[in-house]
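Spelled out from the first residue to the last, the chains are:
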Amino acid sequence: MHKPVHTNLLRWYEQYGRHNLPWRHSRDSYTIWISEIMLQQTQVTTVLERFYTPFLQQFPTLRDLAAATEEEVLKQWEGLGYYTRARNVYKTAQLVEHALPQSIHELIQLPGIGKSTAHAIAAFAYRTPVPILDANVKRILYRFFGKKKASERELWALAYRLFDDEHPFEYNQAMMDLGSLVCRSKEALCVHCPFEMQCHAAQQGAPLELPEKKAVKSVPIRYKDIVVFTCKNRYALKQRSGRFLHGLWGFSEYEQNRDNAEGQMQQLGSIVQKYSHFHLYADVYISYEPVEGHEYLTLEEINKLPLSKADIKIVKMLT
DNA sequence: CAGGCGTGGCT
DNA sequence: TAGCCAAGCCT
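All values derive from a computational prediction rather than experimental measurement. (Residues numbered from 1 in each chain as written. Chains lettered and ligands numbered in written order. Predicted model: local features only at pLDDT ≥ 70, side-chain atom pairs only at ≥ 80, totals over all residues. Heavy atoms only, no water.)

Q: Even after reading the chapter, I still don't get the pattern of salt bridges, so can you show me in this structure?
A: For side chains bearing opposite charge, pairing can occur when the charged atoms are close. One pass over the full model with this rule turns up 10 salt bridges. Its salt-bridge partner being Lys-138, residue Glu-152 comes within 2.9 Å of it at the nearest N-O pair. Here Glu-152, found in helix H10 (residues 152–162), pairs with Lys-138, found in helix H9 (residues 135–144); they are 14 residues apart in sequence, far enough to count as distant. Residue classification places Glu-152 among the partly exposed positions, given a relative accessible area of 44%. Glu-154 is the partner of Lys-147 in a salt bridge, and the nearest nitrogen-oxygen pair spans 4.0 Å. Accessibility expressed as a relative area gives 36% for Glu-154, which makes it partly exposed. One connected set of salt bridges, linked through shared partners, spans Arg-18, Arg-24 and Asp-177. (Salt bridge = Lys/Arg side-chain N within 4 Å of Asp/Glu carboxyl O. Helix = DSSP H or I, 4+ residues; strand = E, 2+ residues; numbered from the N terminus. Buried < 20%, exposed > 50% of the residue type's maximum accessible area, 1.4 Å probe, protein only.)

Q: Explain the protein's contact with DNA strand B to me, please; I cannot follow it from the model alone.
A: Close to DNA strand B lie 22 residues; Tyr-82, Tyr-83, Leu-245, Lys-274 and His-277 are nearest. Expressed as a percentage, the sugar and phosphate content of the atoms of DNA strand B within 4 Å of the protein is 66%. Contacts to DNA strand B include Gln-41, whose backbone N or O atom sits 3.2 Å from a base nitrogen. Here a base oxygen of DNA strand B and a side-chain polar atom of Tyr-82 are 2.9 Å apart. Breaking the surface near DNA strand B down by element, the ones donating at least two residues are helix H3 (44–58) and strand S5 (266–274). (Near = heavy atom within 4 Å. Polar contact = N/O pair within 3.5 Å; in protein donor to acceptor, adjacent residues only side chain to side chain.)

Q: What is the right way to look at the side chain of Arg-24 in this model?
A: Summarising the element assignment, Arg-24 is placed in the loop between helix H1 (4–16) and helix H2 (29–38). A distance of 2.9 Å separates the side chain of Arg-24 from the backbone oxygen of Arg-18, its partner in a polar contact. At 2.7 Å, the side chain of Arg-24 forms a polar contact with the side chain of Asp-177. Those residues within four positions of Arg-24 in sequence are excluded, and the remaining contacts are Tyr-13, Arg-18, His-19, Phe-169, Gln-173, Met-176 and Asp-177. (Contact = heavy atoms within 4.5 Å.)

Q: I tried to follow the nonpolar core on my own but got confused; where do I start?
A: In summary, soluble globular proteins display a tendency toward joint burial of nonpolar side chains. Core analysis: the biggest nonpolar cluster contains 99 residues, and Trp-33, Phe-55, Leu-65 and Phe-195 have the highest contact counts within it. In terms of residues, this core owes the most to one element, helix H8 (residues 115–125), which gives 7 residues. Counting only domains with at least three residues in this core, you end up with domain 1 (4–209) and domain 2 (221–318). Counting 6 residues, the second largest nonpolar core, distinct from the first, contains Val-227, Phe-229, Ala-236 and Tyr-285. (Core = buried A, V, L, I, M, F, W, Y, C linked by side-chain atoms within 4.5 Å. Domains from an automatic or database assignment.)

Q: What is the right way to read the packing of H3 against helix H5 (residues 70–77) from this model?
A: A packed helix pair is summarised by two numbers, namely the angle formed by the two axes and the spacing between the axes. Relative to each other, H3 and H5 sit at 155°, their axes nearing to 9 Å. When the axis of H3 is compared with that of H5, the two are roughly antiparallel. The chirality of how H3 crosses H5 is right-handed. Where H3 abuts H5, its residues Phe-51, Pro-54, Phe-55 and Gln-58 lie against Val-73, Gln-76 and Trp-77. Residues of the contact of H3 with H5, tallied by class, amount to 5 nonpolar, 2 polar and no charged. (Axes fitted to C-alpha atoms, helices over the stretch in contact; angles between N-to-C directions. Parallel < 35°, antiparallel > 145°, perpendicular 65-115°, else oblique. Left-handed = near helix turned anticlockwise from the far one by under 90°. Nonpolar A, V, L, I, M, F, W, Y, C, P; charged D, E, K, R; others polar.)

Q: Help me out: how do you make sense of H5 in this one?
A: Along an α-helix, residues three or four apart share an orientation, since each turn contains 3.6 residues. Taken together, the buried positions of H5 are occupied by Val-73, Leu-74, Gln-76 and Trp-77. Seen along its axis, H5 keeps its buried residues to an arc of 160°; they face one direction. Contacts made by the buried residues of H5 are with H2, H3, helix H4 (62–67) and helix H6 (84–95). In the stretch just after H5, Gly-79 is the one whose phi turns positive, near 100°. (Arc of directions from axis to C-beta.)

Q: How should I be thinking about the protein's contact with DNA strand C in this particular structure?
A: The environment of DNA strand C is made up of 24 residues, and the closest members are Trp-23, Gly-112, Gly-114, Asp-134 and Asn-136. Between DNA strand C and Ser-185 there is a distance of 3.3 Å, counted from a phosphate oxygen to a side-chain nitrogen or oxygen. Contacts to DNA strand C include Lys-186, whose side-chain N or O atom sits 3.5 Å from a base nitrogen. For the surface near DNA strand C, the elements supplying multiple residues, two or more each, are H8 and H9. In terms of residue class, the surface near DNA strand C is made up of 10 nonpolar, 8 polar and 6 charged.

Structure follows, in structure tokens:
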């Protein structure tokens, strides 16, 4: 249904919306899908300024992506983080022959596409009249309906309740922009909000109290020694195979151990890398001893490999 | 279902 | 500045 709040929202969107986002007016399901995956847990600015265009330049179509290697895709993803997204994007390109499916049911079965992304692709690429539910929309819903906490199920119900099914596309875009520009997590600009009069939190005068903040968990610190084995201007790396940074290349880490530091190893420096679930403090050493299970590569070769931020810092120490 | 999963922007 | 948190997904 189309209500007065929707009229206010659309008017606000026409005037203040982010109409220059390159994926916004695309009808190509491929580019919209790539943008949606890149934007998972990632700010618009980062994707927009550094990753979206170069990626599509290298892989302009689904067919190009499918024809690439996983390492080439990871290299394009280097620096963006959450690399499982890159591997899932590649996997999906192998799976679907011509184009992404259109139904939410089918989309959600593809690797890396959950309920939120499936709705977004359906809404933006295929103009399916369904609401989307991202972090921006969630924050608006919490405040608009005056809820301190809500389950995913409840949030979807609220998303459908507020939805404007007469202008679904514009409504969805408007909601994301409103959440990003006005109903912000640390500063709510209610005076500029088209929902101000209908919004429960705004009427209570305390929008920032919603939603209820989660208890902060302390992040563990891991201390490691990283050893760069070298021989004749080549350095030993291997491709990571665990869940963490899977597929990226890197130097070898060891539990911090005085024995390592003592021998003939020379310390190059140290790095700090803050991951979402732990912080890494590592001393970096160089060793001229031979090592098994690695590839000895020149700096030129190393720079062509997909590397994590921490390993890039170490490569910089070598140059 | 809580935690693993990267990196950088913003306050 | 240090910490929060950003167009989530998977296990």
